[in-house]
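Next come the chains, spelled out residue by residue.
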Amino acid sequence: MNWTKRSAAAAVTAAAVSLITACGASSGDAQSGAAEPVAENKPIVDKANWPKATPERGLAKGLSLPLEDYMQSYEDTVTLDTATRRLQEKCMADYGFDIQLPVAGGTPPPNDNDANMERRYGLTDRDAAAQYGYGLSDALTHQIRQRMPDLTEEQVGVLTGHGKPNKTGGGDVPVAKPAPDTYKGKAIHRGGCVGWSDDRIGQSTIDFQLVSELNGQSLTQSMETPAVKQATSAWSQCMKTKGYDVATPYEAANIVPHAEGGASKEEITVAVAEIDCKEETGLVAIWFKEDSAIQNKQLAEHRNELTGARDRHGKALAAANKSLQG
C-alpha cells in the first residue's frame, strides 16, 4: 500500500485502531486467502520490524504531536489482541474445541499510531526514499500472512455468537444468522467467545474516535495556516526548479506511478527531490509547529473526554497484561 498517496482527507480520517474481525483477529494478522509459508528460520513476530513510537530517521526524527499521548500504540494493540485471542482459545477449549488463532504482531503497519508521523507531511526519510521511493520497506511488504483456522459452523457459532455469513436474497452483503443458544447443553456466551473475551479485557470500553477526529482536523487546519501555506509554496517553487510542477507533497506521489514490483528510478528521483525541497524550505518543521499548536488548543478544549478515554484504555491494557501473566 502506498501510504503517501492517500488524499489528505482520507489520511486524517483513518481509524486509530485496526478493526477487530468477528473472529478476533486484527485485519493485518490473518488472511482468508493463500498464506506465505512460514520459514523455519523466520519468526512470525519480529519486533525489529515494529514501527518506532517516534521516528528515528529523516526530517520527522524525534517529532511527536501532543495528541499522540492519547492514541493507542501498535505495541498496545498487539498486547490487547494477544490477550483476547488467548482467552478466545481458552473459551473454545471449554466447549471442547482445540483451535489456534493467528498470532498478533506478525504484520506490523508502517506507523505506530494514528498520527502517522513518518509520512504525515509526506515523505520525510531520504534514505528510505532513495531505496523504495514512495513504497514500503521489504520488511513490511514481505510479511508472513497467517490463515484463520478453517472452522465448522458449530465452531463459528461458539466463537462469534453467529453462524457463517452467507449471501441471501441475491444481495452483495453477507448475512449471518444468530448461533443457537447452547452447544451440547452448554450456554453460548453473548457474542460468543469473542464477546466474552472482550468483556473480560474491557475492549468495548476503548474508544479512540474523538482523538482520531481531532488528529485529522489538526492536520487539515494546519494546512490552511499562513505559515504552512507560505512554506508549501516555497516547497512547490523548489520542486519546479527540479522540473516538477506540483502544489503539495501529497500530490508529488502521483507524478510517477508506483510499480508493485518496486520503485522505478524515476519514482525514486521524485521522492528524493521532494524531501530535499522540504529540507531546503523547512516545510516539515514549520508544519509540525503549526500542527502542534492546533492540537494543544484541542487538548485544552477536550482534555476531560480525552483523559477519560485514555484511562479506560489503560484499564483494558492492565487487564490484558494481567490475563497474559496468569
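## Comments concerning the overall build of the protein
In terms of regular secondary structure, the protein is built from eleven helices and four strands. Taking all 326 residues of the protein together, the buried fraction comes to 45%. Nonlocal contacts in the protein, meaning residues at least 24 apart in sequence, comprise 79% of its contacts between residues at least 6 apart. Surface summary for the protein: the accessible area is close to 16700 Å², and the carbon and sulfur share equals 50%.

## Description of the state of the cysteines
Under the criterion given, the structure shown has two disulfides. One disulfide in the model links C91 with C193; its S-S distance is 2.1 Å. The sign of the -70 degrees torsion about the S-S bond sets the C91-C193 disulfide as left-handed. Separated by 102 residues along the polypeptide, C91 in helix 2 (residues 74-94) and C193 in helix 6 (residues 192-201) bring together distant segments of the chain. Linked covalently through their sulfurs, C238 and C277 form a disulfide whose S-S length is 2.1 Å. Judged by the sign of its S-S torsion, about -80 degrees, the bond between C238 and C277 is left-handed. Of the two residues, C238 is situated in helix 8 (residues 226-241) and C277 in helix 10 (residues 265-281); the sequence distance between them amounts to 39 residues. You'll find C238 and C277 in the same group, each marked buried. Of note for the protein: the bonded cysteines, numbered N- to C-terminal, pair according to 1-2, 3-4.

## So, the pattern of salt bridges
If you walk through the whole model with that rule in mind, you get seven salt bridges. One salt bridge in this structure joins D81 and R85, with 3.6 Å as the shortest N-O distance. Here the residue D81 and the residue R85 both occupy positions in helix 2, the gap between them amounting to four residues, near one helical turn. Each member of the pair, D81 as well as R85, is classed as buried. Between D199 and R190 there is a salt bridge, with its nearest N and O atoms 3.5 Å apart. According to the relative accessible area criterion, R190 is exposed, its value standing at 69%.

## With respect to the confidence of the model for the protein
When pLDDT is averaged along the protein, the result is 87; 85% of the residues meet or exceed 70. Taken together, the stretch residues 1-28 has pLDDT below 50 and engages in 63 contacts with residues farther than four places along the chain or on a different chain. pLDDT under 50 marks residues 30-35. Its contacts with residues more than four places away, or in other chains, come to 14 contacts.

## Describing helix 2
Between its terminal C-alpha atoms helix 2 stretches 30 Å, which fits the 30 Å expected from 21 residues at 1.5 Å a residue. Helix 2 sits mainly inside the fold: 15 of its 21 residues count as buried. Just downstream of helix 2 lies G96, where phi reads positive at about 90 degrees.

## Points about the environment of A316
Mapped onto the elements, A316 comes out in helix 11 (residues 283-325). Sequence separation of A316 and I206 is 110 residues, and the distance between their C-alpha atoms is 7.6 Å. Excluding residues within four positions of it along the chain, A316 makes contact with L80, I201, G202 and I206.

Cut-offs applied
Note on numbering: residues in each chain are counted from 1, in written sequence order. Totals for whole chains, interfaces and linings use all residues, but because this is a predicted model, local features are given only for residues with pLDDT of at least 70 and pairs of side-chain atoms are given and counted only at 80 or more. With hydrogens and water excluded, all non-hydrogen atoms of the structure serve as input to the side-chain values. Comment: elements are numbered from the N terminus, with helices defined as DSSP H or I runs of at least four residues and strands as E runs of at least two. Only protein chains enter the area calculation, which uses a 1.4 Å probe; residues under 20% of their type maximum are buried, those over 50% are exposed, and those in between are partly exposed. In what follows, a contact means two residues having at least one pair of non-hydrogen atoms within 4.5 Å. Computed with the Shrake-Rupley method and a 1.4 Å probe, the accessible areas treat only the protein chains shown as cover for residues. Throughout, disulfides are identified as pairs of cysteine sulfur atoms within 2.5 Å of each other. For this document, the term salt bridge refers to a Lys or Arg side-chain nitrogen within 4 Å of an Asp or Glu carboxyl oxygen. The pLDDT value expresses, per residue, how confident the predictor is, ranging between 0 and 100. Multiply 1.5 Å by the residue count of a helix minus one, and that product is the helix's expected span.

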